[in-house]
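Given next are the chains, with one letter for each unit.
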Amino acid sequence: MIQLWHCQDARSFRALWALEELGLPYELKLLPFPPRMRQPEYLEVNPLGTIPFLVDGETRMSESAAIAQYLATRDGPTPLSIQPGEADYGAWLNWLHLGEATLTFPQTLVLRYRVFEPGRAEAAADDYERWFFARLKAVDRALADGRDWLCAGRFTAADISVGYALLLARSLKIDDKFPPAVAAYWERLRSREGFKRAKAAQKDDSVAAPAFPT
Ligand SMILES: N[C@@H](CCC(=O)N[C@@H](CS)C(=O)NCC(=O)O)C(=O)O
């Protein structure tokens, strides 16, 4: 059985969402945020202290976009994956990585300096919010032809990766600045049954911790 260590609405949501979209059985290990401080024994599972962490047999993974790709391909092709040889294979990989490296990274600085350590570097938080919206133009441009999803005319793990960045923007309360096409894309993403199931799965009143981010 796949095991996933997760904090509410943190990057591990990508893995949880992919599991739900694929209908794979899994065991969810819900942690308070940040686990490094609030559940130090977690460092024995993942010495980095970060989430996600996924165990599947001998496989150990700690990168959320890579986990989404892994789950989408582990048992062979699924609708969430695009295969080498398909026209959008390269675009799929690019969006998968862009969601984390280009769209989530600047937001983590907004999170740190606006939410977790206010007053220390507010200018940096403002700068990295602008950085995020400058990079988000790539998503806006891709949607300009009226497509519903980023690649191959269907919902894929690329939409999960980019979709998580939009979820984080909502947590940061900057989603009111989404351009209209991105706002409509976000509505499509969060209307999916798989997204709703993932949201429901992470609700556990026994985890006495604030959601991520608070
Ligand atoms: N690039 C990694 C980043 C993982 C990461 O930094 N996760 C954050 C939460 S979103 C975390 O665990 N922070 C807690 C900490 O650094 O102690 C990924 O995409 O999964």
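Coordinates for the structure precede this section.
Going along each chain's sequence as written, the residues are numbered from 1 onward. For this predicted model, a pLDDT threshold of at least 70 governs which residues receive local features, and a threshold of 80 or more governs which side-chain atom pairs are given and counted, while totals over whole chains, interfaces and linings are taken from all residues. Side-chain measures were taken over the full set of non-hydrogen atoms in the model, leaving aside hydrogen atoms and water.

Some details on the site of the ligand
The environment of the ligand is formed by twelve residues, the closest being Arg36, Ile51, Glu63, Ser64 and Glu100. Any N or O atom pair separated by 3.5 Å or less is treated as a polar contact, with the protein-specific requirement of one donor-capable and one acceptor-capable atom, and with residues adjacent in sequence counted only for side-chain atom pairs. At a separation of 3.4 Å, an oxygen atom of the ligand approaches a polar side-chain atom of Arg11. Between the ligand and Ser64 there is a distance of 2.7 Å, counted from an oxygen atom to a side-chain nitrogen or oxygen. Computed with the Shrake-Rupley method and a 1.4 Å probe, the accessible areas treat only the protein chains shown as cover for residues. When the ligand sits alone it has 510 Å² of accessible area, and the protein chains cover 82% of it. For the shell around the ligand, the residue count by class is five nonpolar, three polar and four charged. A single heavy atom is enough: if one lies within 4 Å of a molecule or strand, its residue is considered near that molecule or strand. Ten residues, namely Ala, Val, Leu, Ile, Met, Phe, Trp, Tyr, Cys and Pro, are considered nonpolar, four, namely Asp, Glu, Lys and Arg, are considered charged, and the remaining ones, Gly among them, are considered polar.

Considering the packing of aromatic side chains
By convention, a stacked pair of Phe, Tyr or Trp rings (six-membered ring in the case of Trp) has centres within 6.5 Å and planes under 30 degrees apart, an edge-to-face pair has planes over 60 apart, and any other such pair is tilted. Taken as a whole and judged by the stated rule, the model has 13 aromatic pairs. Pairing Phe13 with Trp17 gives two aromatic rings, centres 6.0 Å apart and planes at 50 degrees, and the pair type is tilted. Here Phe13 and its partner Trp17 are both found in helix α1 (residues 13–22), four residues apart, which amounts to about one turn of the helix. Taking the relative accessible area as the measure of exposure, Trp17 reaches 0% and is therefore buried. A ring pair is formed by Phe105 and Tyr128, whose centres lie 6.2 Å apart and whose planes are at 80 degrees; its orientation type is edge-to-face. Of the two residues, Phe105 is situated in helix α4 (residues 89–116) and Tyr128 in helix α5 (residues 122–143); the sequence distance between them amounts to 23 residues. Aromatic ring contacts, followed pair by pair, group Phe13, Trp17, Trp149, Phe155, Tyr185, Trp186 and Phe195 into a single cluster. Whether a charge lies above a ring is judged from NZ of Lys or CZ of Arg, which has to be within 6 Å of the ring centre and within 35 degrees of the ring normal. When the ring centre of Trp149 is taken as reference, the NZ or CZ atom of Arg188 above it lies at 6.0 Å. By the criteria applied, helices consist of DSSP H or I runs no shorter than four residues and strands consist of E runs no shorter than two, each listed in order from the N terminus. The buried label goes to any residue with under 20% of its type's maximum accessible area, the exposed label to any with over 50%, and the partly exposed label to all in between, with areas taken from a 1.4 Å probe on protein chains only.

Some remarks on the pairing of strand β2 (residues 26–30)
Whether two strands pair comes down to DSSP finding at least two bridges between them. Across five bridges, the pairing between strand β1 (residues 2–6) and β2 is parallel. Following the sheet pairing, Trp5 is matched in β2 by Lys29. For the handedness criterion, the strands are oriented away from the viewer, and a crossover whose path from the first strand over the helix to the second runs clockwise is classed as right-handed. Each parallel crossover has a hand, and for β1 linked through α1 to β2 it is right-handed.

Digging into α1
Taken across its ten residues, α1 has nine buried, putting it largely inside the fold. Taken residue by residue, α1 has Phe13, Arg14, Ala15, Leu16, Trp17, Ala18, Leu19, Glu20 and Glu21 as its buried positions.

Overview of the sheet that holds strand β3 (residues 53–56)
Strand order in the open sheet made by the four strands is β2-β1-β3-β4, with mixed pairing throughout. Every other strand in the sheet has two partners, leaving β2 and β4 (59–61) as the edge strands with one partner each. Pairs of neighbouring strands in the sheet enclose a mean axial angle of 15 degrees, with direction left out of account. Examined bridge by bridge, β3 and β4 share three bridges and lie antiparallel to one another. Of the residues in β4, the one forming a bridge with Asp56 is Thr59. Relative to β1, α1 is tilted by about 145 degrees, and along the sheet it contacts β1 and β2. Axis definition: a line fitted to C-alpha atoms, over the contacting stretch in the case of helices. Angles run 0 to 180 degrees between N-to-C directions. The contact rule is simple, with two residues in contact once any of their heavy atoms fall within 4.5 Å.

A look at the environment of Arg36
On the secondary structure map, Arg36 appears in helix α2 (residues 35–38). Using a relative accessible area of 49% as the deciding quantity, one classes Arg36 as partly exposed. Taking the C-alpha atoms as reference, Arg36 lies 4.9 Å from Gly49; in sequence the two are 13 residues apart. For Arg36, the contacting residues outside a window of four places in its chain are Leu43, Leu48 and Gly49.

Here's the deal with the side chain of Ser64
Tracing the sequence through the fold places Ser64 in helix α3 (residues 64–73). There is a polar contact of 2.8 Å between the side chain of Ser64 and the side chain of Arg14. If near-sequence neighbours (up to four positions away) are discounted, Ser64 is found in contact with Arg11, Arg14, Pro52 and Glu100.

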